[in-house]
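# Understanding the architecture of this molecule
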Amino acid sequence: MSILEVDNLSVSFKQYTSGLRQHTQEVISNLSMELVSGEILAVVGASGSGKSLLAHAILGILPSNAQTSGKIRFDGEVLTTKLQEQLRGKEIALVPQSVSFLDPLMRVGAQVRTSVRKGKAKEAQKKVFERYHLKEEVENMYPFQLSGGMARRILVSTAMVSGARVIIADEPTPGLDSVVIKEALTNFREFADQGCAVMLISHDIESALQVADKVAVFYGGTVLEIAPAENFEGNGDRLQHHYSKALWRALPQNDFTCEFKN
Amino acid sequence: MQLSKQLNLNKRQSTLLACIVLSIIVCAVVLTGFLYDEDRIASNLEVRNAAPSFDHFFGTDWLGRDMFSRTIMGLSLSIGVGLVGAIGSASISIILGVIAATMGKVADSIVTWLIDLFLSVPHLVSLILIAFAFGGGFKGIVFGIALTHWPSLARVIRSEVMQVRSLDFVQVSRKMGKSRWWIAKEHIMPHIVPQIIVGILLLFPHAILHEAAVTFLGLGLSPHEPAIGIILSESMRYLSVGMWWLAFFPGICLLIIVRMFDKIGDNLRMLIDPHHAHR
Amino acid sequence: MRWRFTRNLGIFLFWKAIKMASLLVAISFLSFLLVKQSPIDPIQAYVGADMLNVSPEQRERIEEYWGLNEPIMEQFWSWGSAILSGDLGTSMIYRLPVSEVIGERFINSIALMSTAWVLSGIIGFSMGVLAAMKKDTWIDRIIKWYCYTLASTPTFWMGLLLLIVFAVWLNWFPVGMGVPAGVLAEDVNIMDRIKHLILPALTLSIIGVANIALHTRQKLIEVLSSDYVVFARARGEKGFTLFWRHGLRNIALPAITLQFAAFSELFGGAVLAEQVFSYPGLGQATVEAGLRGDVPLLLGLVLFSAIFVFVGNLIADIIYRVVDPRTRKEQSYAAK
């Protein structure tokens, strides 16, 4: 069952180019996709191609000089600015990239507690810390004291305690070692298995494929194709688009070895 | 803003235009002040204590002197003193800043200590002390300003030079065997000269304000000079009888002049600074 | 961890004390040289208007009494060692020990400066917050314009304006004097004191808001565009809650530190405000000492103002070390 539908979304920015002339630059154009409960959709594409803006557009936290068009539906209802404000953090949760998204002067336990929407905050936070094997003293630490893996788990915790049904993870794995990446991906799989819809934004197609059900290939501000994860195998012949094939073959274990075989 | 739209100017051009207009106004004030002779402020007992009118824009004082002329002469004197003081101050900062950045660790810590030393006493107190040491007057005030205003600019120059010296392209030039002088001329000067010019421009407003303040306190220029500080401190005796114009107009003119210098400095910084240049 | 932190703070304070001592010695020496080369005659300052009646022999005796005819280094030594034993000398114009004059004046000044300091801090901080929250609106533009204009305003002229409006036109306040003229110090009641305090304190506060407001505005704009505020908004926080939880927390500390580091400007401002309103504080004493050549008092005040500024900077440093968890914990990590 689809929870979130994105229909023909475009995002553009007004910018001053030279002097007083204004110029509109489209960053996302005519993008359509849907998130289904119980599934992970990986959105993969090159770094800096505007994938994060997609997440921000869904949450309605784009900068003020951005303009959007198209429709986003949540549970069949069109998302207005007002509805977005209500759903943010309650039904739709963001798992950001790095520790810089935590308030540097607030203890992390408190930051997790502010994300709790239903029930007792303290209990929910204790439970989630236990679940993610975070020691009790971590609660009183400040973000700068966390290791990469701990920060990752804290960020996931904020989404976990919110009870949201849609999780948007924005580049959750860069700069982490493989053990932590594996752990993070497992967390997202668990979300999906509980019935959440997960959108995993990443430039790392290889690790995304480990857990994703479907993969949306993002290029030039739009989604070229959405393919089931199984299609990414062999020479990538089951992929429709050139770019998707190129992306797949560019991985070391594919084209590299292929070339030598030929 | 409307004007710049009509003339179809971009941000850079309009900033430049603003700078030119402001500079012309400042020059006009200074020149007029110097060209006025004493007759302009001769006492005229028939129009004593007159409130502002078309004959006397800023009114007249208790000797019937025209306050407008006195203000212009006072401003011109204050700007002149501020200018000399600021240039002296800037020279000290350039010399010490460059020494700190280029002559090794010992020189650096000595200069840093000197900066701390001069920042450790409130400016106005050191100004009073230095003015006292010179027995007041022009010399005292110029030395006072020169000796108290250099630390902040010296700090900027020191860190700028250090930063440029550590940049990759300077390191590469050095390894390629370019002479110190060549590096200074080709790499370091283009970076710090604009900073110094802006730094001096931003020193002026402080220098002028402090000149006026010390003179107002009675430790600066002598009471016979037509300085703004003197005008304002004399006016205090006549405020209680309601002669507000004696203090109001000279003060607001000083404020406007200082604000103009500030604006010119800020605008130039925007033109020079690469972070702002493309806005 | 706590022990390490305390030890680090101890080391830090120790170095600060050494630096302060070196600066004070240098300041004393430089100031002493400066006043000694002044053409203003200290004897005249002592004797005052009766100068014409002083015979050369009497003059010599006075010089001897003050030690003015000895070599300059010797004078410095005797002055310096007296200071070390706590004796700042005798003020020539007040005929009282310098420490006593400074002590009494300081109580007046501290009332003035602390009022202005608190007021300008609170008002300036609020203005900065308001401007940043309403960035690029007319409110922001007005606040910015006002602050830049204030930064170019001569403090003493602002005092004169307030004097014209509130004392001369509206007649709400006396024109000058810290206490009413002709009344003995013991008879002055607290209302009188407050009444004389308001205008100079107001002058200092009006001028003082500019710096802190502009700084707070800049800082809050940075915070509001930071990653963690984006994430907070993504979690549904907005408006005042957002500011309270994440904004205030991150801008309060820099603002307080800045306010402590501004003791130097505060003292300078007080000199001018006290002069305009004839308020009997340290600033007015400094001007008097300078004008009338009271060398011991002037030197004492220079040293005192340096200590005052140093204490402000020291408090700012300590607050950062004790309150900010980042510097606090980093030190203990570094010590491991």
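Residues numbered from 1 in each chain as written. Chains lettered and ligands numbered in written order. Predicted model: local features only at pLDDT ≥ 70, side-chain atom pairs only at ≥ 80, totals over all residues. Heavy atoms only, no water.

In the nomenclature of an unreviewed UniProt entry, chain A corresponds to Nickel import system ATP-binding protein NikD from the organism Aquibacillus albus. Listed in UniProt under the heading Sequence similarities (unreviewed entry), the comment for chain A reads: "Belongs to the ABC transporter superfamily." According to its UniProt record, chain A has this under Subunit (unreviewed entry): "The complex is composed of two ATP-binding proteins (NikD and NikE), two transmembrane proteins (NikB and NikC) and a solute-binding protein (NikA)." (UniProt positions renumbered as here; feature names shortened; annotations may be inferred.)

## Remarks on the side chain of Glu274 of chain C
Residues and elements named next belong to chain C. Mapping Glu274 onto the fold places it in helix 11 (residues 263–276). For the buried Glu274, which has no salt bridge, the nearest side chain bearing the opposite charge is Arg105, at an N-O separation of 6.0 Å. Within the local environment of Glu274, its side chain forms a polar contact with the backbone nitrogen of Leu282, the two atoms lying 3.4 Å apart. The contacts of Glu274, once residues within four sequence positions are left out, are Ser109, Leu112, Tyr279, Gly281, Leu282, Gly283 and Gln284. (Helix = DSSP H or I, 4+ residues; strand = E, 2+ residues; numbered from the N terminus. Buried < 20%, exposed > 50% of the residue type's maximum accessible area, 1.4 Å probe, protein only. Lys, Arg positive; Asp, Glu negative; His and termini not counted. Salt bridge = Lys/Arg side-chain N within 4 Å of Asp/Glu carboxyl O. Polar contact = N/O pair within 3.5 Å; in protein donor to acceptor, adjacent residues only side chain to side chain. Contact = heavy atoms within 4.5 Å.)

## Side note on the domain arrangement of chain C
One widely used convention gives an interface's size as the accessible area the parts lose upon coming together. Residues and elements named next belong to chain C. Assigned domains of chain C: these are domain 1 (2–84) and domain 2 (102–328). Listed per partner, the contact involves 17 residues of domain 1 and 18 residues of domain 2. Contact between domain 1 and domain 2 buries roughly 1,600 Å² in total, counting both sides, with carbon and sulfur atoms accounting for 85%. When residues of domain 1 are sorted by the area they lose upon contact with domain 2, Phe5, Phe12 and Met20 head the list and together hold 29% of the total. At the boundary of domain 1 with domain 2, the tally comes to 1 salt bridge. Close ionic contact of Asp317 with Lys16 constitutes a salt bridge, the shortest N to O distance being 2.9 Å. (Domains from an automatic or database assignment. Buried area = accessible area lost by both parts, 1.4 Å probe.)

## So, helix 9 (residues 227–234) of chain C
By the criterion of burial, helix 9 of chain C is predominantly enclosed, with 6 of the 8 residues buried. Within helix 9 of chain C the residues assigned to the buried category are Tyr228, Val229, Val230, Phe231, Ala232 and Ala234 of chain C. In this fold, the buried residues of helix 9 of chain C make contact with helix 1 (51–59), strand 6 (92–95) and helix 5 (148–162) of chain A together with helix 8 (190–224) and helix 10 (239–261) of chain C. Residue Gly236 of chain C follows helix 9 of chain C closely and has a positive phi angle near 95°.

## Quick word on the sheet that holds strand 3 (residues 40–44) of chain A
Residues and elements named next belong to chain A. Within the open sheet, the 6 strands sit side by side as 6-7-8-3-9-10. Their pairing is mixed. The sheet is open, and its two borders are formed by strand 6 and strand 10 (222–228), each paired with just one other strand. Strand-to-strand twist of the sheet, defined as the mean angle between neighbouring strand axes without regard to direction, takes the value 20°. Here strand 7 (residues 166–170) runs beside strand 8 (residues 197–202); their pairing, made up of 5 bridges, is parallel. (Pairing = 2+ DSSP bridges. Axes fitted to C-alpha atoms, helices over the stretch in contact; angles between N-to-C directions.)

## Quick notes on the environment of Ile226 of chain A
Residues and elements named next belong to chain A. With respect to the helices and strands, the residue Ile226 is situated in strand 10. In the structure, Ile226 is positioned 95 residues away from Arg131 in sequence and 33 Å away in space, judged by C-alpha atoms. If sequence neighbours within four positions are ignored, Ile226 has contacts with Ser32, Met33, Leu41, Lys214, Val215 and Ala216.

## A few points about the pattern of salt bridges
Here the idea is simple: oppositely charged side chains can pair when their charged atoms come close. The full count for this structure, using the stated rule, is 23 salt bridges over all chains. Put simply, Glu183 of chain A and Arg153 of chain A hold a salt bridge, and the shortest N to O gap is 3.1 Å. Of this pair, Glu183 of chain A sits in helix 6 (residues 178–193) while Arg153 of chain A sits in helix 5, and the two are 30 residues apart along the sequence. Note that Lys219 of chain C and Glu222 of chain C form a salt bridge whose closest N and O atoms lie 3.9 Å from each other. Residue Lys219 of chain C and its partner Glu222 of chain C are both found in helix 8; the two are separated by 3 residues, about one turn of the helix. Among the charged side chains, a network of salt bridges with common partners joins Arg113, Lys122, Lys126, Glu136 and Glu139 of chain A.

## Some points on unusual backbone geometry
Glycine aside, negative phi is the norm for most residues, and most peptide bonds take the trans geometry. In this structure, Asn8 of chain A is a non-glycine residue whose phi angle is positive, near 60°. Position of Asn8 of chain A among the secondary structure elements: in strand 1 (residues 2–16).

## Structural notes on the pairing of strand 9 (residues 214–219) of chain A
Residues and elements named next belong to chain A. By the bridge criterion, 4 bridges tie strand 3 to strand 9 in an arrangement that is parallel. From the neighbouring strand, Ala42 faces strand 9, where its bridge partner is Val215. Of the pairings in the sheet, the one linking strand 9 to strand 10 comprises 6 bridges and is antiparallel in character. Residue pairing across strands places Tyr219 opposite Thr222, the latter belonging to strand 10. Hairpin geometry of strand 9 and strand 10 is characterised by an intervening segment of 2 residues between the two adjacent antiparallel strands and by a positive phi of about 60° at Gly220.

## Here we look at the interface of chain B and chain C
Tallying the contact residues gives 40 residues for chain B and 46 residues for chain C. On the chain B side of the interface with chain C, the three residues burying the most area are Leu129, Phe132 and Arg259 of chain B, jointly 18% of the side's total. If you look at where chain B meets chain C, you find 1 salt bridge. Linking Asp116 of chain B and Lys19 of chain C is a salt bridge whose minimum nitrogen-to-oxygen distance equals 3.0 Å. Between chain B and chain C we count 4 residue pairs in polar contact (both at pLDDT 80 or more) in total. Those elements that provide at least two residues to the side of chain B that touches chain C are helix 4 (104–119), helix 5 (123–133), helix 9 (180–217), helix 10 (228–239) and helix 11 (245–272) of chain B. Here the element with the most residues in the side of chain B that touches chain C is helix 11 of chain B; it accounts for 9 residues.

## Brief notes about the side chain of Ser115 of chain A
With respect to the element layout, Ser115 of chain A can be found in the loop between helix 3 (108–113) and helix 4 (121–131). Side-chain polar atoms of Ser115 of chain A contact the side chain of Arg235 of chain C, separated by 3.1 Å.

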